[in-house]
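# Coordinates in review
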Protein chains: 2
Amino acid sequence: MTSTLFRGGSITTWADEPATALVLEDGLVVSHDEQPCDEVVELDGRCVVPGFVDSHTHLVFGGDRTAEFESRMAGIPYAAGGIRTTVAATRAASTEELASRARRLADECLRSGTTTIEVKSGYGLTVEDERRLLEVARGITSHTTFLGAHVPDGDGYVDLVTGPMLDACAPLATAVDAFCEEGAFDVDQCREVLSAGRARGLAVHLHANQLRPGGGVRLAAELGALSADHCTHVSDEDITAMRDARVAAVLVPAAEFSTRSPYAPARRLLDAAVTVALATDCNPGTSFTTSMPFVIALAVRELRLTPLEALRAATLGGATALAVDAGHLRVGAHADLVVLDAPSPAHLAYRPGVDLVAQVWRGGTLVSGPAARSRCR
Amino acid sequence: MTSTLFRGGSITTWADEPATALVLEDGLVVSHDEQPCDEVVELDGRCVVPGFVDSHTHLVFGGDRTAEFESRMAGIPYAAGGIRTTVAATRAASTEELASRARRLADECLRSGTTTIEVKSGYGLTVEDERRLLEVARGITSHTTFLGAHVPDGDGYVDLVTGPMLDACAPLATAVDAFCEEGAFDVDQCREVLSAGRARGLAVHLHANQLRPGGGVRLAAELGALSADHCTHVSDEDITAMRDARVAAVLVPAAEFSTRSPYAPARRLLDAAVTVALATDCNPGTSFTTSMPFVIALAVRELRLTPLEALRAATLGGATALAVDAGHLRVGAHADLVVLDAPSPAHLAYRPGVDLVAQVWRGGTLVSGPAARSRCR
């Protein structure tokens, strides 16, 4: 297979030693030092960062919630019930329609530098609809999460989720998730759903403490979840529990931006040595963005991360939340990377809203952006 | 010349009657109704909006202030003195270097949908340096503003600005501007500079009330300025003065984003019937973005404009602040427009950080984005 050398710009790998160059071969990073290669990408002062890992998205859905967004921006607060609008539209959509839209959004993610993505179900809420959402999700990514417990849908719904729905969905999912919130599911119901999923070998995530304080984060710690997501309203005890149980905090500031909600206490989490991941939470109700660069800029402005902390959270942090070997460019890593049209990754925050993603490489192959390479042997 | 028909999607023109289609000919909008044309752009549900009018930028500069941005994000507040870093780097740069960088940024503006742009001098602060900044600016736009009074540079500086510097710069500028702020110029100094510029036939803008309350906005009203820019700290009396003197408020929320400053009271201005314009304030110190879509998203989230109010401020509002016939697509308008990959302009705020600009047309010609047109006669 072709070997490719990147040289002439700053390269962030998250290895202990700085990289002077980057060499890819057979889809992997094989060296941080310049060596003869089949082709060369001259960075000319641009920088390379690991591909973004978006560890929390709801990419598969039908319908539109522009009007809800507009009325919320005019002053009507977000309520979990808005999800039902999307559920109705998703059920009405054909699987082909769902897949084509999800594919378009996934392409958007890729063009903005996301090379690893998690996708949840949760807008079906019937056995058949949840199953087909996960089928669509599997067409996009290998990180699929069963979120049948997104909002309750009638009597005995938890039994449905832990019974026939889980039976149908577990084979298509790598993780299970639930929305632990007033108006969604309480702690005991979430424990039931997540334990049932875990018993089927699924990893555990939990939407926790988004709209108000509660027991969600501590439940995530109790169950050994990979991540507690949102974490807007967390106590010191919650934070200690997350740290001790090694639960990553997946923060989604774009949702807080688009719902005009308070931002999560990222500094308290980081200062307590909790792993922080940044994700888009891409969904039509509360965060209709696919842009990890935008999330990074928000994290610096609003969550008070440094630009490097934000980049780490958007790459390595996301990989930790998904328990996947990604989000870094150490020797041996999958060659998933982004060439930024900027001298340093700080520009992702310094230049908000500007599309700096010049090239995206996945598994050692250029998948987005113009090919500007020279052959050299 | 070729005629072009846009059909099959929502079209925002700011005319009183809704447009069912858009017809361009000889660089102008000639009809809002479908008619036979040489070529057709099928919108397929996408929408058309007027090209953005960015009425406040500092695109011509040398050097880099990434480190200052990073330290500010770590907690060090913005002070006007930071401008001096850019002044030193700008003076050291060749005119070619300045022009090539400004051109790159102007291209970035165009790709994100800005079809009319204002560019200020202000990083030279010597007769020769201010003159060459305006020369570079003229290579980009016909809306060039002499901002010799950006920060004071030694004894007798105001005399220099109103004397030989104005002599050298007035022929290259369409407007004069000053930075009215503690650490920059006081109200009397600004009055002197702006009056001298006005006497040479230049239109008047003023950086006013950015960092604290003061007499800047009232001075702008007194002098019949086109705009008072920033307006973060304004009293009810200031607002009344602006309304009565028809001074537009140019708001720059991206600067407030990147300096972690309070946002301007846009609703109070709008509710008092002051014309509000949105601009990027693109500059390396406080707002290094060229993206009007980002500014629109911020205006909806932080300034509490509705998506349509924000779009109007980013198009017609900017045109009012520059006293130019642009920012609309009424019959007879210059055919400067953007095709958004979205069903409605609300998506500019609903989908923050996502590049929705599919095509940019200026003067009836496609200048950015893939050509997807069919010939039809």
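Provided above is the structure to which this section pertains.
Summary of the structure given here. If you're wondering where the values come from, they're calculated on a predicted model, not measured in any experiment.

Conventions adopted
Residues numbered from 1 in each chain as written. Chains lettered and ligands numbered in written order. Predicted model: local features only at pLDDT ≥ 70, side-chain atom pairs only at ≥ 80, totals over all residues. Heavy atoms only, no water. Helix = DSSP H or I, 4+ residues; strand = E, 2+ residues; numbered from the N terminus. Rg over C-alpha atoms; globule rule 2.2 N^0.38 Å. Buried < 20%, exposed > 50% of the residue type's maximum accessible area, 1.4 Å probe, protein only. Areas by Shrake-Rupley, 256 points an atom, 1.4 Å probe, with all protein chains shown as cover. Lys, Arg positive; Asp, Glu negative; His and termini not counted. Charge placed at Lys NZ, Arg CZ, Asp CG, Glu CD. Contact = heavy atoms within 4.5 Å. Axes fitted to C-alpha atoms, helices over the stretch in contact; angles between N-to-C directions. Parallel < 35°, antiparallel > 145°, perpendicular 65-115°, else oblique. Left-handed = near helix turned anticlockwise from the far one by under 90°. Nonpolar A, V, L, I, M, F, W, Y, C, P; charged D, E, K, R; others polar. Arc of directions from axis to C-beta. Least-squares fit on C-alpha atoms with pLDDT ≥ 70 in both. Pairing = 2+ DSSP bridges. Phe/Tyr/Trp six-rings, centres within 6.5 Å; stacked < 30°, edge-to-face > 60°. Lys NZ or Arg CZ within 6 Å of the ring centre and 35° of its normal. Expected span 1.5 Å × (residues − 1). Polar contact = N/O pair within 3.5 Å; in protein donor to acceptor, adjacent residues only side chain to side chain.

Along the backbone of chain A there are 13 helices and 17 strands. Taking 377 residues into account, the globule formula puts the C-alpha radius of gyration at 21 Å, and chain A, at 20 Å, falls close to it. In terms of principal-axis extent, the alpha carbons of chain A reach across some 65 × 45 × 45 Å. In chain A, buried positions account for 62% of the 377 residues. Working note: accessible area of chain A is about 12900 Å², and carbon and sulfur atoms make up 49% of it. Positive and negative side-chain charges of chain A, numbering 33 and 48 respectively, have mean locations separated by a distance of 2 Å.

Turning next to the environment of Ser291 of chain B. When you line up the elements, Ser291 of chain B lands in the loop between strand 13 (276-278) and helix 11 (292-301). Expressed as a C-alpha distance, the spacing of Ser291 of chain B and Thr141 of chain B, which sit 150 residues apart in the sequence, is 17 Å. Ignoring sequence-local partners within four residues, the contact set of Ser291 of chain B consists of Gly353 and Val354 of chain A together with Ser112 and Thr280 of chain B.

As a further point, take the packing of helix 4 (residues 127-138) of chain A against helix 5 (residues 157-169) of chain A. Residue and element names in this part refer to chain A. Where helix 4 contacts helix 5, the two axes come as close as 9 Å, and the packing angle between them is 40°. Relative to helix 5, the element helix 4 lies oblique. Crossing of helix 4 over helix 5 shows right-handed handedness. Where helix 4 abuts helix 5, its residues Val127, Glu130, Arg131 and Leu134 lie against Leu160, Pro164, Met165, Ala168 and Cys169. Taken together, the residues of the contact of helix 4 with helix 5 sort by class into seven nonpolar, no polar and two charged.

A word on helix 1 (residues 66-73) of chain A. An α-helical turn contains 3.6 residues, so a residue and the one three or four places further along point in the same direction. All of the buried residues along helix 1 of chain A are Thr66, Phe69, Arg72 and Met73 of chain A. Down the axis, helix 1 of chain A shows its buried residues gathered within 125° of arc, on one side only. Where the residues of helix 1 of chain A are buried, they touch helix 9 (253-259) of chain A together with helix 11, helix 12 (307-322) and helix 13 (347-350) of chain B. Note on helix 1 of chain A: the residue one or two positions beyond its end, Gly75 of chain A, has a positive phi of about 125°.

Before going further, it helps to examine the relation of the copies chain A and chain B. Mapping chain A onto chain B is achieved by rotating through 180° and translating by 0.0 Å along the same axis, at an RMSD of 0.0 Å. The superposition operator between the copies reduces to a two-fold rotation axis. Of the C-alpha atoms belonging to chain A, the one lying closest to the rotation axis is found on Gly353 of chain A, 2.7 Å away. Same-surface contact between copies: 100% of interface residues of chain A are shared with the interface of chain B.

Here we come to the sheet that holds strand 3 (residues 28-31) of chain B. Residues and elements named next belong to chain B. Strand order in the open sheet formed by five strands is 3-2-1-4-17, and the pairing between neighbours is mixed. Single-partner strands in this sheet number two, and they are strand 3 and strand 17 (374-375). Note: strand 2 (residues 22-25) against strand 3, three bridges, orientation antiparallel. When the bridges of strand 3 are listed, Glu25 appears paired with Leu28.

All right, on to the sheet that holds strand 11 (residues 227-230) of chain A then. Residue and element names in this part refer to chain A. Pairing within the open sheet is parallel, and its eight strands lie in the order 6-7-8-9-10-11-12-13. Each edge of the open sheet is held by one strand with a lone partner, namely strand 6 (52-54) and strand 13 (276-278). Ignoring which end each strand starts from, the neighbouring axes of this sheet average 25° apart. Across four bridges, the pairing between strand 9 (residues 175-180) and strand 10 (residues 203-208) is parallel. Bridge pairing links Cys180 to Ala208 in strand 10.

Once that is clear, we can look at unusual backbone geometry. Excluding glycine, residues mostly have negative phi values, and the peptide bonds linking residues are mostly trans. For Asp281 of chain A, which is not glycine, the phi torsion reads 60° and is therefore positive. With respect to the secondary-structure elements, Asp281 of chain A resides in the loop between strand 13 and helix 11 (292-301). On the basis of relative accessible area, Asp281 of chain A is assigned to the buried category, the value being 2%. For Trp14 of chain B, which is not a glycine, the phi torsion comes out positive at approximately 70°. Under the relative-accessibility criterion, Trp14 of chain B is labelled buried at 12%.

A word on the packing of aromatic side chains. Taken as a whole and assessed by the stated rule, the structure comprises 15 aromatic pairs over all chains. Taking the centre distance of 6.5 Å and the plane angle of 75° together, the rings of Phe294 of chain A and Phe294 of chain B count as edge-to-face. One end of the pair, Phe294 of chain A, is in helix 11; the other, Phe294 of chain B, is in helix 11, on a second chain. Both residues of the pair, Phe294 of chain A and Phe294 of chain B, count as buried. Relative to Phe185 of chain B, the ring of Tyr157 of chain B lies with its centre 6.1 Å away and its plane at 25°, an arrangement referred to as stacked. Of this pair, Tyr157 of chain B sits in helix 5 (residues 157-169) while Phe185 of chain B sits in the loop between strand 9 (175-180) and helix 6 (187-199); the two residues are 28 residues apart in sequence, bridging distant segments of the chain. For Tyr157 of chain B, a relative accessible area of 3% gives the class buried. Through a chain of ring-to-ring contacts, the aromatic side chains of Phe61, Phe69, Tyr123 and Phe288 of chain A together with Tyr350 of chain B assemble into a single cluster. Geometry around Trp14 of chain B places Arg312 of chain B over its ring, the cationic atom sitting 4.5 Å from the centre. A cation over an aromatic ring shows up here: Arg351 of chain B above the ring of Phe288 of chain A, its NZ or CZ 3.9 Å from the ring centre.

A pair of packed helices is characterised by two quantities: the angle between their axes and the separation of those axes. Residues and elements named next belong to chain B. Close contact between helix 3 (residues 95-111) and helix 4 (residues 127-138) brings their axes to 10 Å; oriented N to C, the two are set at 40°. In this structure, helix 3 meets helix 4 at a crossing whose hand is right-handed. In this structure, helix 3 uses Thr95, Leu98, Ala99 and Ala102 to contact helix 4, whose residues at the interface are Arg132, Leu133 and Val136. In the contact of helix 3 with helix 4, the residues fall into five nonpolar, one polar and one charged.

With that settled, the discussion passes to helix 6 (residues 187-199) of chain A. Residue and element names in this part refer to chain A. Over its 13 residues, helix 6 extends 18 Å from the first C-alpha to the last, a length consistent with the 18 Å expected when each residue adds 1.5 Å. Where helix 6 is buried, its residues meet strand 8 (143-149), helix 5, strand 9, strand 10 and helix 7 (216-222). Between the side-chain oxygen at the start of helix 6 and the backbone nitrogen of Asp188 there is a gap of 3.1 Å, and the oxygen is on Asp186. Of the residues flanking the end of helix 6, it is Gly201, one or two places downstream, whose phi is positive at about 90°.

In short, the description is geometric, and any link to function would need to be established separately.
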